[in-house]
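# Geometric and topological summary
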Amino acid sequence: IDLLAYFKTFEPLAIAGAGLTDGINPCAFASIVFFVSFLSLQGYKKRELIIIGLTFIFAVFITYLAIGLGLFSFLYKLSGFWLISRIFNLTVGILSIILGVLALYDFFKFKKTGETEGMILQLPQGIKNRIHSIIGLHYRKTKEKGMETSRPHIFRLAISALIVGFSVSILEAVCTGQVYLPTITFVLKTSHLKLQALWYLVLYNIMFIVPLFIIFLFALMGVTSEQFSKVLKKHLSAIKIVMAILFFGLGIFLIWRA
């Protein structure tokens, strides 16, 4: 009993660590870097950048929290069906182990080639292009012939940031959900109180947006997307190892508790 109580103290740390790892995931980084760089190139003022960026990050937080609550509610109801629940837990556990193996594959491939091309655990190019087109649709400035570009009202910019944040989050869930789904299943297996589960999901998503917020601050200070890419590339091996450890840890736990 004492040993179980001791291990239970690690639950918030495990969830916070999963959220932070997911937030440092190149999938999550790419969009905010492109977003701020695009806005700067379009000539938006710093005040506009701050409002758009913060609203975008808030939209990401709310969207992922809503996704998490929806999945948790679904799995919570599913847990009443013992056999189906056990099959699901085993499936997610095995999936986590597979993702851990793929993260290691990406690690060794990057160590060998030094290139990010051909990595498995990343956003598909089609989704990247779709994200870029959504950002461009809402924030590309058009200049009428013989007239200066009209500046949209700040409220309209904020509303657009909410829409873009929601849309980008849904598209990115293809990649970031690889960490999120096993974590939600982990929350379900370790928490029998809905209020505690809600706190865990909020904690996960707070940690998820911390890297986005830090990147946003650096972007406001003038750090370019090329500089971000260099830093990310420099630490990509470490990120892949941490992701592999996280996937293996969650996978072993879920299979053990299935």
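What this report covers is the structure whose coordinates are included nearby. Because the structure is a prediction, the values reported are computed rather than measured.

What follows is about the overall build of the protein chain. Each helix and strand in the protein chain was counted, giving ten helices and zero strands. In summary, the protein chain has a C-alpha radius of gyration of 20 Å against a globular reference of 18 Å for 258 residues, a match within 12%. Dimensions of the protein chain along its principal axes, counting C-alpha atoms only, are 75 × 45 × 30 Å. Long-range contacts, defined here as pairs at least 24 residues apart, represent 84% of the contacts in the protein chain between residues at least 6 apart. For the protein chain, the accessible area works out to roughly 14,000 Å², and carbon and sulfur atoms hold 71% of it.

Moving on: the packing of aromatic side chains. By convention here, two paired aromatic rings are described through the distance between centres and the angle between planes. Taken as a whole and assessed by the stated rule, the structure comprises seven aromatic pairs. Ring geometry for Phe253 versus Trp256: centroids 6.1 Å apart, planes at 65°, classification edge-to-face. Pair noted here: Phe253 and Trp256 are both in helix H10 (residues 236-257), with a separation of three residues, about one helical turn. Look at Phe253 and you get buried, because its relative accessible area is 15%. Assessed through its relative accessible area of 63%, Trp256 is described here as exposed.

What follows covers the pattern of salt bridges. Side chains bearing opposite charge may pair, as long as their charged atoms lie close to each other. Counted under the stated rule, the structure contains two salt bridges. Notably, a salt bridge pairs Glu115 with Lys233, separated by 4.0 Å at the nearest N-O pair. Residue Glu115 is located in the loop between helix H5 (82-113) and helix H6 (125-139), and its partner Lys233 is located in helix H9 (residues 225-234); the two are separated by 118 residues in the primary sequence. Note on Glu115: relative accessible area 42%, which makes it partly exposed.

At their nearest, the axes of helix H3 (residues 26-41) and helix H7 (residues 154-190) sit 9 Å apart, and the two run at 150° to each other. With respect to H7, the element H3 is oriented roughly antiparallel. Where H3 crosses over H7, the handedness of that crossing is right-handed. Here H3 contributes Cys27, Ala28, Ser31 and Phe35 to the contact with H7, which in turn contributes Val164, Val168, Glu172, Cys175 and Thr176. A per-class count over the contact of H3 with H7 returns six nonpolar, two polar and one charged.

Turning our attention to the nonpolar core. Grouped together as the largest cluster of nonpolar side chains are 65 residues, with contacts concentrated most on Ile32, Phe35, Ile52, Phe56, Tyr139, Val164 and Leu212. Residue contacts for Leu212: discarding those within four places in its chain leaves Ala28, Ile32, Ile57 and Val60.

For the rest of this paragraph, the subject is the environment of Thr185. With respect to the helices and strands, Thr185 occurs in helix H7. For the pair formed by Thr185 and Leu250, sequence separation is 65 residues and the distance between their alpha carbons is 9.0 Å. Once you skip the residues sitting within four places of it in the chain, Thr185 turns out to touch Leu75, Phe88, Asn89, Val92 and Leu254.

About the criteria used
Residues numbered from 1 in each chain as written. Predicted model: local features only at pLDDT ≥ 70, side-chain atom pairs only at ≥ 80, totals over all residues. Heavy atoms only, no water. Helix = DSSP H or I, 4+ residues; strand = E, 2+ residues; numbered from the N terminus. Rg over C-alpha atoms; globule rule 2.2 N^0.38 Å. Contact = heavy atoms within 4.5 Å. Areas by Shrake-Rupley, 256 points an atom, 1.4 Å probe, with all protein chains shown as cover. Phe/Tyr/Trp six-rings, centres within 6.5 Å; stacked < 30°, edge-to-face > 60°. Buried < 20%, exposed > 50% of the residue type's maximum accessible area, 1.4 Å probe, protein only. Salt bridge = Lys/Arg side-chain N within 4 Å of Asp/Glu carboxyl O. Axes fitted to C-alpha atoms, helices over the stretch in contact; angles between N-to-C directions. Parallel < 35°, antiparallel > 145°, perpendicular 65-115°, else oblique. Left-handed = near helix turned anticlockwise from the far one by under 90°. Nonpolar A, V, L, I, M, F, W, Y, C, P; charged D, E, K, R; others polar. Core = buried A, V, L, I, M, F, W, Y, C linked by side-chain atoms within 4.5 Å.

Don't take any of this as a statement about function, it's just geometry.
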